Amino acid sequence: MTTAIPSSIRSFTALIDYHAQTRPEHPALICGDRTLSYLGLQASASRLTTALSHHGVGAEDRVGVLAKNCAEFVELLLACSNQGAVCVGLNWRLAAAELKYIINDCQAGILFVSREFAPLLHALAPELPALQQVVIIDGNNDQTSSWPSLAQWLDDAPTSPAPEIKALDPHSAPDRAIVQLYTSGTTGNPKGVVLPQRAFFDPWQFENDARLSWNDWGDDDVSLLVMPLFHVGGVGLLCMALRGGATTVIEAEFNPVQVMTLVPEHRITKSFLVPAAIRALILTPGAQEADWSSLRLMLYGAAPMPESLLLEAMQTLGCEFAQQYGMTELCGTVVHLPTADHVPGSPRLRAAGLPLPGTTINIIDDQGRPLPANKVGEIIVKSPAVMLGYYGLPEATQKTLVAGYIHTGDAGYFDDDGYLYIFDRMKDMIISGGENVYPIEVENVLYKHPAVTDAAVIGVPDERWGEAVLAVIVLADGQSIEADQLIAYCKQHLAAFKCPKRVAFVTELPRNPSGKILKKSLREPYWQGQQRRV
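Residues numbered from 1 in each chain as written. Predicted model: local features only at pLDDT ≥ 70, side-chain atom pairs only at ≥ 80, totals over all residues. Heavy atoms only, no water.

(A) Representation of the overall build of the protein within the structure. Scanning the protein for helices and strands turns up 14 helices and 26 strands. For 534 residues, the compact-globule formula gives about 24 Å, and the C-alpha radius of gyration of the protein, at 24 Å, lands near that figure. Dimensions of the protein along its principal axes, counting C-alpha atoms only, are 70 × 50 × 50 Å. Here the protein holds 534 residues, and 57% of them are scored as buried. (Helix = DSSP H or I, 4+ residues; strand = E, 2+ residues; numbered from the N terminus. Rg over C-alpha atoms; globule rule 2.2 N^0.38 Å. Buried < 20%, exposed > 50% of the residue type's maximum accessible area, 1.4 Å probe, protein only.)

(B) Geometry of the side chain of Ser 223. With respect to the helices and strands, Ser 223 occurs in strand 9 (residues 222-225). Overall, the relative accessible area of 1% leaves Ser 223 in the buried class. Beyond its immediate stretch of four places on either side in the chain, Ser 223 contacts Trp 217, Leu 237, Ala 241, Thr 247, Thr 248, Val 249, Ile 268 and Lys 270. (Contact = heavy atoms within 4.5 Å.)

(C) Representation of the packing of aromatic side chains within the structure. If you walk through the whole model with that rule in mind, you get eight aromatic pairs. Residues Phe 112 and Trp 153 carry aromatic rings whose centres are separated by 5.1 Å and whose planes lie at 90° to one another, so their mutual orientation is edge-to-face. Linking Phe 112 in strand 5 (residues 110-113) with Trp 153 in helix 6 (residues 150-155), this pair joins segments that are 41 residues apart in sequence. Neither Phe 112 nor Trp 153 differs from the other in exposure class; each is buried. By the ring-pair criterion, three or more aromatic residues cluster together here, those being Phe 12, Phe 200 and Phe 201. Between the NZ or CZ atom of Lys 191 and the centre of the ring of Tyr 390, over which it lies, the distance is 5.1 Å. The residue whose ring lies beneath Lys 270 is Trp 217, and the NZ or CZ to ring-centre distance is 4.7 Å. (Phe/Tyr/Trp six-rings, centres within 6.5 Å; stacked < 30°, edge-to-face > 60°. Lys NZ or Arg CZ within 6 Å of the ring centre and 35° of its normal.)

(D) Quick peek at the nonpolar core. Within the largest apolar cluster, 128 residues are counted, with the highest numbers of intra-cluster contacts made by Phe 112, Trp 153, Phe 200 and Phe 321. Core analysis: the second largest hydrophobic core is formed by 23 residues, Ala 108, Leu 111, Val 113 and Leu 124 among them. (Core = buried A, V, L, I, M, F, W, Y, C linked by side-chain atoms within 4.5 Å.)

(E) Examining the packing of helix 2 (residues 38-54) against helix 3 (residues 71-83) more closely. At their nearest, the axes of helix 2 and helix 3 sit 8 Å apart, and the two run at 60° to each other. Taken together, the axis directions place helix 2 and helix 3 in an arrangement best described as oblique. Seen along the crossing, helix 2 lies across helix 3 with a hand that is right-handed. Contacts between helix 2 and helix 3 involve Leu 41, Ser 44, Ala 45, Ser 46, Leu 48, Thr 49, Leu 52 and Ser 53 on the former and, on the latter, Glu 75, Leu 76, Leu 78, Ala 79, Cys 80, Asn 82 and Gln 83. Residues belonging to the contact of helix 2 with helix 3 are distributed by class as follows: eight nonpolar, six polar and one charged. (Axes fitted to C-alpha atoms, helices over the stretch in contact; angles between N-to-C directions. Parallel < 35°, antiparallel > 145°, perpendicular 65-115°, else oblique. Left-handed = near helix turned anticlockwise from the far one by under 90°. Nonpolar A, V, L, I, M, F, W, Y, C, P; charged D, E, K, R; others polar.)

(F) Up close: the environment of Trp 147. The topology assignment puts Trp 147 in the loop between strand 6 (133-136) and helix 6. For Trp 147, a relative accessible area of 12% gives the class buried. In the structure, Trp 147 is positioned 25 residues away from His 122 in sequence and 9.8 Å away in space, judged by C-alpha atoms.

(G) Up close: the sheet that holds strand 9. Spatial ordering of the open sheet is given by 2-1-10-9-11-12-13-14-15, a layout of nine strands whose pairing is mixed. Edge positions in the sheet fall to strand 2 (34-37) and strand 15 (354-355), since each has one partner strand and no second. With two bridges joining them, strand 1 (residues 27-31) and strand 10 (residues 247-250) adopt parallel strand pairing. If you follow Leu 29 over to strand 10, its bridge partner there is Thr 248. (Pairing = 2+ DSSP bridges.)

Without other data, these values stay purely geometric and don't point to any function.
This is the structure in structure tokens:
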């Protein structure tokens, strides 16, 4: 049944306190062989809070977590909420130099790390001047014997907080920071997006609406969390389940074979996956015959979903689907495509969807002027979930957050019914012979060809056209096709100026952790030595 929490709840602390009183024994988290009830989760987070205080962590201090998804990650997030500190999830997929940059940028004085990443951190430690404490979440080893395990670290702390350490009232500070999530860094260094407590609660205080049925969560729901908690999609799904008093099954990372096992084992009802993960899942041997009967809803987003992939996923999983469009700076979802619009053949399958209640979205031209329906321009968004800013970057904040609106950098338009359609990133738009080409239009056509399993379209330098359209293609297993055949196929469905002039075949496309194709990496070899670099 749907769980409606009081509107006064605007922090993680208040949420867990509420559930600990109203459903104390209901399972909150399942991670491997460990199960935590809501009362148990409250107690473990409280103990961590006391230890943070004893070890000198106060209000607004950054607490880093370098670990795959685990129950301890969630407990630390809640402890930060209790203490008024800020939880910084670190992308464990990054190279050492990238991690060093982020840890130094956020100035984390304490870092919780899993044993598998301890050697990496041990090598980086001399170059991390702000780092004072390291705690090994899952025990320690010979190389890191000087760092305490989490159990040892907790045992060193008394049972009451340190009185000299400043903390904030966790029940009355919805505008204070709770998490700092780093952007992908596809251009330049990653930026720390600082999100307040209210961003996870205020946008969801609206009346029941049939189009928002995907947001109806209750204590009979079991969520599968496989997207990383250092990403807004992971922490957003966690909060969605916690708001509903549901149970969250935590898996360290996405593994399609493991997903096929966990869904029937725990009778999973809901989950969130990025399109690249959905693609991997339905292409895994046995997916068509797997038991998906408990699954009610699959949320998806963070990257464009090709219509052909969506239709195949709907058929394979046999559950309802809902798309979520947003960005880290907006705490994830600000636009949704309702489950009712997921009808094969419907043109709305290509839409991002409708703005959430309380969200204002405008389409503007390059002079900042509003555009009417069916005109493509930049998408700007005003939302109760807007970020506080980029950590330590006031100029970048002012450039992105203007008069209360986030300038997304995405190009799109509204149709006559108020549905938002995303064309592409503004910077990914190709200008060929004076005509604007949006790669996603071309990619959608390419994905429909049976020989194509993955595709990216980029602009490359061309003496005649300025930029030429290049399609980078991954062929499906056992398939073959010539470049000119694929170009001819595109010409059957698109204006000639939009069609690829060239085709490159690769075995895999580069992606970031959220599944977005790294088009900058694809473009780089073609633009080397050019005066103009895209």
